[in-house]
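These are the residues of each chain, in order.
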Amino acid sequence: MLVDVHQHLWPPAFTELLRARTTAPHLDGWTLHLQGEPPYAVDPADHDIAARTALAHADGLGLALVSLSSPLGIEYLPPAEADPLLAAFHDGALALPAPFGVWASAGLVAPDPEALARTLDRGCAGLQLPATALLDEAGWAHCAPLLDTLARAGKPLFVHPGAAAPSGPGTPPWWPALVPYVQQLHASWFAFRAFGRPRHPRLRVCFAALAGLAPLHGERLAARGGGRGQVDSNAFYETSSYGTRAVDALVRAVGIDVVVTGSDRPYARPVTPDLGAEAAVHALRAANPARLLEGATP
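Reading the values: the criteria
Residues numbered from 1 in each chain as written. Predicted model: local features only at pLDDT ≥ 70, side-chain atom pairs only at ≥ 80, totals over all residues. Heavy atoms only, no water. Helix = DSSP H or I, 4+ residues; strand = E, 2+ residues; numbered from the N terminus. Rg over C-alpha atoms; globule rule 2.2 N^0.38 Å. Buried < 20%, exposed > 50% of the residue type's maximum accessible area, 1.4 Å probe, protein only. Contact = heavy atoms within 4.5 Å. Phe/Tyr/Trp six-rings, centres within 6.5 Å; stacked < 30°, edge-to-face > 60°. Lys NZ or Arg CZ within 6 Å of the ring centre and 35° of its normal. 1 Å grid on protein atoms, 1.4 Å probe; cavity = no way out; pocket = protein on both sides within 12 Å on 5 of 7 lines; lining within 4 Å. Points joined across faces, edges and corners; volume = space filled by probe spheres on them. Nonpolar A, V, L, I, M, F, W, Y, C, P; charged D, E, K, R; others polar. Pairing = 2+ DSSP bridges. Axes fitted to C-alpha atoms, helices over the stretch in contact; angles between N-to-C directions.

**Student:** An account of the overall build of the chain is needed here, citing residue identities and associated values.
**Tutor:** If you tally the helices and strands in the chain, you get 10 helices and 11 strands. Its C-alpha atoms give the chain a radius of gyration of 18 Å, near enough to 19 Å, the size a compact globule of 298 residues would have. In terms of principal-axis extent, the alpha carbons of the chain reach across some 50 × 45 × 40 Å. Per-residue burial for the chain yields a buried fraction of 48% across its 298 residues. For the chain, the share of sequence-separated contacts (at least 6 apart) that also reach a separation of at least 24 residues comes to 74%.

Here you go:
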């Protein structure tokens, strides 16, 4: 079964709640307003369920995991604002037709492990958290009750970029995706290595966008006293927005068994890296996602 672990699709009820808001995040028609990014013109076709289902089938996918887009910042809203949005997203996403599956999301102002357990029991593949929640020891400690619940359920964590800090006038539109997002993933990966993994030794974790290429800094880490350490077989890296050169470099650093395919549709198109062997592509698209989601032996 071919798997894409990283897509986004807004259910209609969720979209209407965004449209009803007057402060970020909110939709004005189909223009999305966020705190730290320029207004973004959303293509309605990107969230047309029938069209996206046909596209997933055309891609040959047996499973496409959709998630709340953490740059929206919903996880950090007060519970009275976040809870209806999260409920609308979960209800709508869990009702999507095959081949779609769902990453759960959770409010972070007052983490509720019991609510997360109920959401996971409804059939979510695992939990997505914004990288901004996991940048340091305090962040991993704050999220620990949610992660303990996730570990008990035997399901993985997906670390996705969070909201970008406001940028100055004249900043190009690609800036958030290339600077804050990558920096967040980079920092969250090192914080995971220092604080997250010791606290959650068996948790399977997947970092979006190759963790901002953080594992490529292994030589510098060793030179500065951080040690090389063994490759973590339960730390995975998703490929969205990267191609052959970046994926090949990461495979050389961490091995091929922990790299999984993700596209970030509708914000990026899927890319199949040329790794020189059909078996390598099969690993990224099928075997490795199965280990991430189920903990199966490679």
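Here the narrative resumes, following the displayed structure.
**Student:** Break down the packing of aromatic side chains for me, citing the residues and quoting the values.
**Tutor:** For the structure on display, the rule yields 9 aromatic pairs. Ring plane angle 65° and centroid distance 6.2 Å describe the contact between Trp10 and Phe14, whose orientation is recorded as edge-to-face. When its relative accessible area of 1% is taken as the criterion, Trp10 is described as buried. Taken together, a centroid distance of 4.8 Å and an interplanar angle of 85° make the contact between Trp189 and Phe190 edge-to-face. The partly exposed category is assigned to Phe190, whose relative accessible area is 22%. An aromatic cluster is defined as three or more aromatic residues linked by ring pairs; in this entry it consists of Trp140, Phe192, Phe207 and Tyr237. Of note, Arg19 hangs over the ring of Trp30, and the distance from its end group to the ring centre comes to 4.8 Å.

**Student:** Residues and numbers for unusual backbone geometry, please.
**Tutor:** The omega angle of the peptide bond from Ala24 to Pro25 is 0°, so this bond is cis rather than trans. Counting through the fold element by element, Pro25 comes out in the loop between helix H1 (12-20) and strand E2 (26-28). Along the chain, Arg265 connects to Pro266 via a cis peptide bond; the corresponding omega equals 10°. By the element assignment, Pro266 lies in the loop between strand E11 (259-260) and helix H10 (278-294). Residue Ala209 is not a glycine yet carries a positive backbone phi of 50°. Here Ala209 is to be found in the loop between strand E9 (205-207) and helix H8 (218-223). The class for Ala209 is buried, based on a relative accessible area of 14%. Its identity as a non-glycine residue notwithstanding, Ala211 has a phi of 55°, on the positive side. In this structure, Ala211 sits in the loop between E9 and H8.

**Student:** How would you sum up the layout of surface pockets? Please name residues and give values.
**Tutor:** Rolled over the atoms, a probe as big as a water molecule pinpoints where empty space is left. Empty space within the largest pocket amounts to approximately 690 Å³. Forming the boundary of the largest pocket are 29 residues, of which Glu37, Ala177, Tyr181, Asp264 and Tyr267 lie nearest the centre. Contributions of two or more residues to the lining of the largest pocket are made by helix H6 (175-178) and helix H7 (180-199). Split by residue class, the lining of the largest pocket holds 21 nonpolar, 6 polar and 2 charged.

**Student:** How would you sum up the sheet that holds strand E1 (residues 3-7)? Please name residues and give values.
**Tutor:** Strand order in the open sheet formed by 8 strands is E1-E5-E6-E7-E8-E9-E10-E11, and the pairing between neighbours is parallel. Across the chains shown, the open sheet's two edge strands, defined by having one partner strand only, are E1 and E11. Bridge count for strand E5 (residues 63-66) against strand E6 (residues 100-104) is 3 bridges, and the pairing is parallel. Looking at the pairing, Leu65 lines up with Gly101 of E6. In the packing of helix H3 (residues 79-94) onto the sheet, the strands contacted are E5 and E6, and the crossing angle to E6 comes to about 155°.

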